[in-house]
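Single-letter residue listing:
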Amino acid sequence: MEIRDARPEDWPAVWAFARPVIESGEHFVWEPGTPEDRLRAYWIEKEPPASALVAEADGRVAGIAEIHPNQPGRGAHIANAGFMVDPAVRGRGLGRALGEAALARAKADGFAAMQFNAVVATNTAAVELWHSLGFRTLALLPATFRHPSKGLVDMHLMFREL
């Protein structure tokens, strides 16, 4: 496995696993049918201090992390990030490796902490991963995510100092 900076030419490989994950409606707030160009801009097209990393496994891009300021201006010293791993390779440590790399990158880029605003509570693997990497759940936001099969479910607001 290799973690490296994302490049524009990585997008087709990312889109191949991102599209079905997003279309499932189970883990991310985007609606099914969100335009590809909007998602490419979010995940890949970053201007500093934002950045994007990919994980390569078995010779292909199989995971992505994007890092950006959580808020503009006086809140820009806190990072926010998004992560996605191809379901075909889940359980092999790519999420953990991307998380560790993103934390290191955010610190190197001068962020003081990282905050996640919307970790879906039914995504227990993600919640457990972030807790194991030192994140605290500051609040459980009730019924804030419309899950396609479970109805309204909670989301975690998570935080970790760097």
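Model, not experiment: these values are computed from the prediction.

Remarks on the overall build of the protein
Assigned secondary structure in the protein consists of four helices and seven strands. Ordered by position in the sequence, the α and β elements of the protein form the string β-α-α-β-β-β-α-β-α-β-β. Taking 15 Å as the expected radius of gyration for a compact globule of 162 residues, we find that the protein reaches 15 Å, a close match to that expectation. Seen along its three principal axes, the alpha-carbon backbone of the protein occupies a region of about 40 × 35 × 30 Å. The buried share of the protein, taken over its 162 residues, is 45%. Sequence-distant contacts in the protein: of pairs separated by 6 or more residues, those separated by 24 or more amount to 63%. When the accessible surface of the protein is split by element, carbon and sulfur atoms take 52% of a total near 8100 Å². Taking the 17 positively charged and 20 negatively charged side chains of the protein as two groups, their mean positions are separated by 4 Å.

Concerning the UniProt feature "domain: N-acetyltransferase" (unreviewed entry) in the protein
In this structure's numbering, the residues bearing the UniProt feature "domain: N-acetyltransferase" (unreviewed entry) are residues 1-160. Annotation note: span residues 1-160, helix share 29%, strand share 37%, distance between end C-alpha atoms 25 Å.

Looking at the packing of aromatic side chains
Between two aromatic rings, the relevant description is the distance of the centres plus the angle of the planes. Enumeration according to the criterion identifies eleven aromatic pairs in this entry. Ring plane angle 75° and centroid distance 5.0 Å describe the contact between Trp-30 and Tyr-42, whose orientation is recorded as edge-to-face. Of this pair, Trp-30 sits in the loop between helix H1 (11-24) and helix H2 (36-43) while Tyr-42 sits in helix H2, and the two are twelve residues apart along the sequence. When the centroid spacing of 4.4 Å and the interplanar angle of 20° are considered together, the rings of Phe-116 and Phe-135 count as stacked. In this pair, Phe-116 is assigned in strand E5 (residues 113-120) and Phe-135 in the loop between helix H4 (124-132) and strand E6 (136-147), connecting sequence segments 19 residues apart. Relative accessible area serves as the criterion here: at 4%, Phe-116 is assigned to the buried category. The buried category is assigned to Phe-135, whose relative accessible area is 3%. Among the aromatic residues, those joined into a cluster by ring pairs are Phe-28, Trp-30, Tyr-42 and Trp-43. Between Lys-46 and the ring centre of Tyr-42, over which it is positioned, the NZ or CZ distance is 4.8 Å.

Things to note about the pattern of salt bridges
In the structure shown here, the tally under the stated rule is eleven salt bridges. Its salt-bridge partner being Glu-66, residue Lys-46 comes within 2.9 Å of it at the nearest N-O pair. Of this pair, Lys-46 sits in the loop between H2 and strand E2 (51-57) while Glu-66 is found in strand E3 (residues 60-69), placing the two residues 20 residues apart along the sequence. Using a relative accessible area of 0% as the deciding quantity, one classes Glu-66 as buried. Between Glu-161 and Arg-136 there is a salt bridge whose closest N-O contact spans 3.2 Å. Taken together, the residues span a long stretch of sequence, with Glu-161 in strand E7 (residues 151-161) and Arg-136 in strand E6 at a distance of 25 residues. By relative accessible area, which is 47% here, Glu-161 ends up partly exposed.

Some details on the pairing of E7
Sheet topology places E5 next to E7; six bridges connect them, and they run antiparallel. Paired with Phe-116 across the bridge in E7 is Met-158. Taking the residues between adjacent antiparallel strands as the criterion, E6 and E7 are bridged by three residues.

How each quantity is defined
Residues numbered from 1 in each chain as written. Predicted model: local features only at pLDDT ≥ 70, side-chain atom pairs only at ≥ 80, totals over all residues. Heavy atoms only, no water. Helix = DSSP H or I, 4+ residues; strand = E, 2+ residues; numbered from the N terminus. Rg over C-alpha atoms; globule rule 2.2 N^0.38 Å. Buried < 20%, exposed > 50% of the residue type's maximum accessible area, 1.4 Å probe, protein only. Contact = heavy atoms within 4.5 Å. Areas by Shrake-Rupley, 256 points an atom, 1.4 Å probe, with all protein chains shown as cover. Lys, Arg positive; Asp, Glu negative; His and termini not counted. Charge placed at Lys NZ, Arg CZ, Asp CG, Glu CD. UniProt positions renumbered as here; feature names shortened; annotations may be inferred. Phe/Tyr/Trp six-rings, centres within 6.5 Å; stacked < 30°, edge-to-face > 60°. Lys NZ or Arg CZ within 6 Å of the ring centre and 35° of its normal. Salt bridge = Lys/Arg side-chain N within 4 Å of Asp/Glu carboxyl O. Pairing = 2+ DSSP bridges.

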